[in-house]
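# Chains, contacts and geometry: an overview
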Amino acid sequence: MIPPAFEYARPDSVDEAVRTLADAGEDGKVLAGGQSLLPLLRMRLAFPELVVDVGRISELRGVREDGDTLVIGAMTTHHEVVRDPLVRRHAGLLAEATATVADPAVRHRGTLGGSLAHADPAGDLPAVALALDAGLVVAGPGGRRTVPAREFFVDYLQSALAPDELLVEVRIPKTDGWSFHYEKFHPVAQSWAIVGVAALVRRDDGHIAEARVGLTNMGSTPLRATAAEEALSGADGPEAVARAAEAAAEGARPSQDLAASPEYRQHLARVLTRRAVLTATGWG
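Residues numbered from 1 in each chain as written. Predicted model: local features only at pLDDT ≥ 70, side-chain atom pairs only at ≥ 80, totals over all residues. Heavy atoms only, no water.

### Quick look at the pattern of salt bridges
Throughout the structure, instances matching the rule amount to 15 salt bridges. Taking the shortest distance from any N to any O, the salt bridge between arginine 64 and glutamate 169 comes out at 3.7 Å. With arginine 64 in strand β4 (residues 63-66) and glutamate 169 in strand β10 (residues 166-173), the pair connects residues that are 105 residues apart, well separated along the chain. A cluster of three or more residues bridged by salt bridges with shared partners is formed by Arg64, Asp66, Glu169 and Arg171. (Salt bridge = Lys/Arg side-chain N within 4 Å of Asp/Glu carboxyl O. Helix = DSSP H or I, 4+ residues; strand = E, 2+ residues; numbered from the N terminus.)

### Some thoughts on the UniProt feature "domain: FAD-binding PCMH-type" (unreviewed entry) in the chain
When the UniProt feature table is mapped onto this chain numbering, "domain: FAD-binding PCMH-type" (unreviewed entry) sits at residues 1-177. Taken as a whole, residues 1-177 contains 34% helix and 25% strand, while its terminal C-alpha atoms sit 49 Å from one another. (UniProt positions renumbered as here; feature names shortened; annotations may be inferred.)

### Topic: the side chain of threonine 77
Within the secondary structure, threonine 77 is located in the loop between β5 (69-73) and α3 (78-83). A relative accessible area of 9% means that threonine 77 is categorised as buried. When sequence neighbours within four positions are dropped, the list of residues in contact with threonine 77 reads Arg61, Arg107, His108, Arg109, Gly110 and Thr111. (Buried < 20%, exposed > 50% of the residue type's maximum accessible area, 1.4 Å probe, protein only. Contact = heavy atoms within 4.5 Å.)

### Here's the deal with the pairing of strand β2 (residues 28-31)
In terms of strand pairing, β2 meets strand β3 (residues 50-53) through 4 bridges, oriented parallel. Looking at the pairing, lysine 29 lines up with valine 51 of β3. In this region the chain leaves β2, passes through helix α2 (residues 37-42) and returns to the parallel neighbour β3; the handedness of that crossover is right-handed. (Pairing = 2+ DSSP bridges. Right-handed = clockwise from strand over helix to strand, strands pointing away.)

Laid out in structure tokens, this is it:
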């Protein structure tokens, strides 16, 4: 289909982009890698009067260290995230999960910030951002603010971004010493996950001292499986992990669609949490 008509702007800086978005109000949309927005435009599910292309803003790209935090520009592509040595060393879960996003063509164009700002609960990276306790830095007319990932995802395809704000970087506390695994079930290669699980595990003296579990496609937003996380604390082997994983779907309200029923998604959350944690610990 042909998208509706719209005006197009291509700012050279974050400040210019914010001013452009502020002038557009509710009628502006940000174009990053285009892998989420362009399909919506072509299917006429979005009708912006202005598209603001941030692709030439160089300060939005790249990965750097800031003490114990990894800072990733919002326009850094999935391909760059997967290959970056700092990400692989200090946020391996993000690199592993990003490598499963769609296909190589999408990963070369799609961006980390675009994926998070799109706020699709079926996307892989929002749940990973939750598990990593990421902070999302947002620029607006009043300056910059950092929104914790747990507060950023508001509802289905809705984030804490105001219409005149731009996601500029993602700050991830380094997870050196943690083991990790991203496990998802998708019946067709490169399709959306029916359910996905992002697991981070810190072990001490043969048992799990701390665990974080992010859930993909288990509600209108990505979720943390807090009941399972609590149950995993102190687990010392496969049987204890299996028992804890039974709590993975507690509090979740998965959707009913053509791919799966809520009950099936709850079952998958339990199974995939067990697999992800066992793989992360090496007990599988």
